[in-house]
Amino acid sequence: MSATFYNIALVTHVVGITIMAGTTFIDFVTFRAFYSVFKTDRDKSLVLKNYLYKLQRFLGIGMLLILASGIMMMVKLHEVWGAQLWFRIKMVVLLLIVINGLGLRRMVGSKLKSFLANQAIAKEMDGTIRNFTIVQVIQMLLFLLIYVLSVFKFN
Ligand code: HEM
C-alpha cells in the first residue's frame, strides 16, 4: 500500500470524524431547541423532532467511514500503531463511544419517546431529559479524548 493510499485513508478518517462528531454536536444543539419549542407549541416542535430522527443516519455513515479508513491505515501500519499506548486506549474509548451512543442513548431515547407521545408533560420527564443530556455530553467528551490521544500520540 502506497503512502498516497494511506493519506487517502487518513483524509477519509477526518471526513468520517467530521460527519459523526459534527452530527453529535448538532444533535445536542437541536435537541435543546426542540425541547424549548415542545413545551410551548407541540405542533411546531414536530418539524424539529423529525429533523432529529433524520440526523441519526449520519452517525452511522460517519462511524462506517471512520472504521473503514481506520482499518485501512492499520493494514499498513498496525505494527507501529498497534503497539502504542495511545492507540490501545483509543480503542477502549471507541468501545465506550459505541456503548454510550448505541446502548445508553437508545435506552434513554426510547423512554423519552414514550414521554413525548403522551399529552401531559410528566414530572419524571425532567429526569429523562437530564439523562439524555448527560449521554450527549459524555459522547462529546469521549470524542475530545480520542482527538487528544490521536493527535498527541502519547506512548
Ligand atoms: C470515533 C472513532 C475515532 C475518532 C474520533 C478518531 C479520530 C482520529 C484523529 C483526530 C486522528 C488524527 C488525525 C491526524 O493525524 O490528522 C486519528 C488518527 C488515526 N486513527 Fe483514528 N479515530 C477513530 C477511530 C479509529 C479506528 C477505529 C482506527 C483503527 C481501526 C483508527 C486508526 C487511526 C490511525 C492509525 C491514526 C493515525 C494516522 C496517522 O497519524 O498517520 N481510528 N484518528
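Refer to the preceding data block for the structure.
The following refers to the structure shown.

**Describing the coordination of the iron atom of the ligand**
At 1.9 to 2.0 Å from the iron atom of the ligand lie its protein donor atoms, namely His13 (NE2) and Lys90 (NZ). With six donor atoms in place around the iron atom of the ligand and angles of 84 to 178° between them, the coordination shape is octahedral. Residue His13 is located in helix H1 (residues 3–40), and its partner Lys90 is located in helix H3 (residues 85–117); the two are separated by 77 residues in the primary sequence. Its relative accessible area of 10% is what places His13 among the buried residues.

**Quick look at helix H2 (residues 42–81)**
Here H2 spans only 50 Å end to end across 40 residues, well under the 58 Å set by a 1.5 Å rise per residue. Most pronounced at Val75, the bend in H2 amounts to some 70°. Listing the buried residues of H2 in full gives Ser45, Leu52, Leu55, Gly62, Met63, Ile66, Ser69, Gly70, Met73, Met74 and Trp81. Considering only its buried residues, H2 is in contact with H1 and H3. Capping of H2 at its N-terminal end is provided by Asp41; its side-chain oxygen lies 3.2 Å from the backbone amide nitrogen of Asp43.

What counts and what doesn't
Residues numbered from 1 in each chain as written. Predicted model: local features only at pLDDT ≥ 70, side-chain atom pairs only at ≥ 80, totals over all residues. Heavy atoms only, no water. Donors = N, O, S within 2.8 Å, 3.2 Å for Na, K, Ca; no water. Tetrahedral: all angles 85-135°; square planar, octahedral: opposite > 155°, others 65-115°. Helix = DSSP H or I, 4+ residues; strand = E, 2+ residues; numbered from the N terminus. Buried < 20%, exposed > 50% of the residue type's maximum accessible area, 1.4 Å probe, protein only. Expected span 1.5 Å × (residues − 1). Bend = angle between axes of the 7 residues up to and from the residue. Contact = heavy atoms within 4.5 Å. Polar contact = N/O pair within 3.5 Å; in protein donor to acceptor, adjacent residues only side chain to side chain.

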